[in-house]
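# Coordinate inspection notes
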Amino acid sequence: VRRAGALIAGGGPAGSAAAVALARAGASPELIERSAGPRDVVCGGFLGWDALAALRRVGLDPAALGARPIVRLRLISGERAIEAPLPKPAAGLSRRALDEALLAAAAAEGARVGRGRALRAAEGRRLRLDDGEELEADALFLATGKHELRGLARPLDGRSEEPAAGLRAALPATPAVEAALAGFIELHLFDEGYAGLLLQEDGAANLCLSVSRRRLAAAGGPAALIGEISREAPRLADRIGAAVPETWEAVAGVPYGWRATETAPGLFRIGDQAAVIASLAGDGIAIALASGLAAAEAYRDGGPGAAEAWQRRFAGRAARPLAVAERLRRAAQRSGPRGALMRLLGALPMLVPLAARLTRIGG
Ligand SMILES: Cc1cc2nc3c(=O)[nH]c(=O)nc-3n(C[C@H](O)[C@H](O)[C@H](O)COP(=O)(O)OP(=O)(O)OC[C@H]3O[C@@H](n4cnc5c(N)ncnc54)[C@H](O)[C@@H]3O)c2cc1C
């Protein structure tokens, strides 16, 4: 069994941000990431202003990565659309580009980044890798995001609602799509889910859906679901046109609203392993970055013994954004409350930037 100091499981935004901050603190972190190279993941690619600020702290310039500016939200239900400004500039960037840049930043700060290797299981801070190696970590930063690590899976039993499914595909950014989406994040609401659309840096539009597993299964798959939604969401059908994607990234179990309120000594749960905000709020990446940076600081100041108090503090910090986002998600996914929400926001569009502010981890 090899001894590791600060070990990071997973190299999404949370794991990479922690790696950068731990390396800067002289903790010589080691990060293990399953993917061997660039890949697309299920995510809308929306970076709020809090995520942009956190990226700058990490040393990345989102504009230099090609992030497309976003300054307005278009919320669409049926034939009705509401447009409102965001409180501060945001951006659209593919996770393929973002995650690679973050992993490169971690390596550049001196973190040891092991790619193409997966953790199989954990017993406390003792870990087994798929190639058979065993590691004993002084501190474990659990950043496996949407995926569970056997032995340390999020305790999700007893939730009243089953987790949602997430889907993502690229759409060609035709001139019409480019014109409609320039400067905008669009959210298309429908029963039991929503679709998010934005332009990303690579000349494509990112189409991301969150939908109940029940509805996805009843439709019979992503393409059939798109057909169904098109009747409920004609403006989304316009954007997609005949280009219904054939290839989708998918994730089966997203437990919106879940937070880690406790942990074990030496175990820092970060990113989606700390708190899962309803994705329509577009703040998951910011939470991942903020938790990775803050957990690394807690470790720098207090060592592995700082984990439990830090986890409670972070759960407190995430409470309001998660609660507000859950209210909005629940209202948006049923036709009656959705109609009331659209009428309210139509009459008082200044509530849109207020809701955007209240669902940020970073102000
Ligand atoms: C449908 C949908 C749309 C979303 N849209 C947005 C959005 O537009 N904006 C936003 O801010 N947030 C959005 N989110 C939320 C956002 O995607 C997450 O909050 C964010 O990715 C969490 O980052 P993370 O680093 O915790 O985990 P992840 O991004 O899930 O990264 C985890 C990493 O760990 C690796 N890994 C997992 N298991 C292992 C293992 N056993 N061994 C080694 N490596 C492993 C994975 O390969 C991955 O790279 C969305 C979520 C969903 C479901």
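Just above, that's the structure.
What you see is a predicted model, and the numbers here were worked out from it, not measured in a lab.

Parameters and conventions
- Residues numbered from 1 in each chain as written.
- Predicted model: local features only at pLDDT ≥ 70, side-chain atom pairs only at ≥ 80, totals over all residues.
- Heavy atoms only, no water.
- Near = heavy atom within 4 Å.
- Polar contact = N/O pair within 3.5 Å; in protein donor to acceptor, adjacent residues only side chain to side chain.
- Areas by Shrake-Rupley, 256 points an atom, 1.4 Å probe, with all protein chains shown as cover.
- Helix = DSSP H or I, 4+ residues; strand = E, 2+ residues; numbered from the N terminus.
- Nonpolar A, V, L, I, M, F, W, Y, C, P; charged D, E, K, R; others polar.
- Buried < 20%, exposed > 50% of the residue type's maximum accessible area, 1.4 Å probe, protein only.
- Contact = heavy atoms within 4.5 Å.
- Patch = residues over 30% accessible without salt bridge, like charges linked within 9 Å, V, L, I, M, F, W, Y side chains within 5 Å.
- Salt bridge = Lys/Arg side-chain N within 4 Å of Asp/Glu carboxyl O.
- Pairing = 2+ DSSP bridges.

Around the ligand lies a shell of 35 residues, among which Glu 33, Arg 39, Gly 44, Arg 95 and Asp 272 are the nearest. In this structure, Gly 44 approaches the ligand through a main-chain N or O atom, which is 2.8 Å from a nitrogen atom. Backbone polar atom of Leu 119 to a nitrogen atom of the ligand: 3.0 Å apart, as the coordinates give it. The protein chains hide 95% of the 1000 Å² of surface that the ligand would expose on its own. Breaking the shell around the ligand down by element, the ones donating at least two residues are helix 1 (13-24), strand 2 (30-33), strand 13 (204-212) and helix 8 (284-302). Of the residues contributing to the shell around the ligand, the split by class is 15 nonpolar, twelve polar and eight charged.

Positive phi values are uncommon outside glycine, yet Ser 28 reaches one of about 45°. Within the secondary structure layout, Ser 28 lies in the loop between helix 1 and strand 2. Phi at Glu 192 is positive, roughly 70°, even though this residue is not glycine. Following the sequence through the fold, Glu 192 ends up in the loop between strand 11 (183-190) and strand 12 (193-199).

Structurally, Glu 33 is set in strand 2. Exposure remark for Glu 33: the relative accessible area of 8% places this residue in the buried category. In terms of polar contacts, Glu 33 uses its side chain to reach the side chain of Ser 35, at 2.7 Å. Beyond its immediate chain neighbours, meaning those up to four positions away, Glu 33 contacts Gly 10, Gly 11, Gly 12, Arg 39, Leu 103, Gly 114, Arg 115, Gly 116 and Arg 117.

Together, Leu 344, Leu 348 and Met 350 give the surface a local cluster of nonpolar side chains, amounting to about 280 Å² of exposed area. Assignment of secondary structure puts Leu 348 in the loop between helix 10 (335-347) and helix 11 (351-358). Taking relative accessible area as the criterion, Leu 348 reaches 35% and is therefore assigned partly exposed.

Right, let's talk about the pairing of strand 12 for a bit. A regular strand places its side chains so that they alternate between the two faces of the sheet. For strand 12, a buried count of seven out of seven residues is recorded, marking the element as mostly surrounded by other parts of the structure. Here strand 11 hands over to strand 12 after two residues, with Glu 192 in that stretch at a positive phi of 70°. Note that strand 12 and strand 13 share seven bridges and pair antiparallel. Looking at the pairing, Ala 195 lines up with Leu 209 of strand 13. Turn length for the strand 12-strand 13 hairpin, with the two strands adjacent in sequence and antiparallel, is four residues, and the turn residue Gly 203 shows positive phi of about 85°.

Nothing here speaks to function; it is all geometry.
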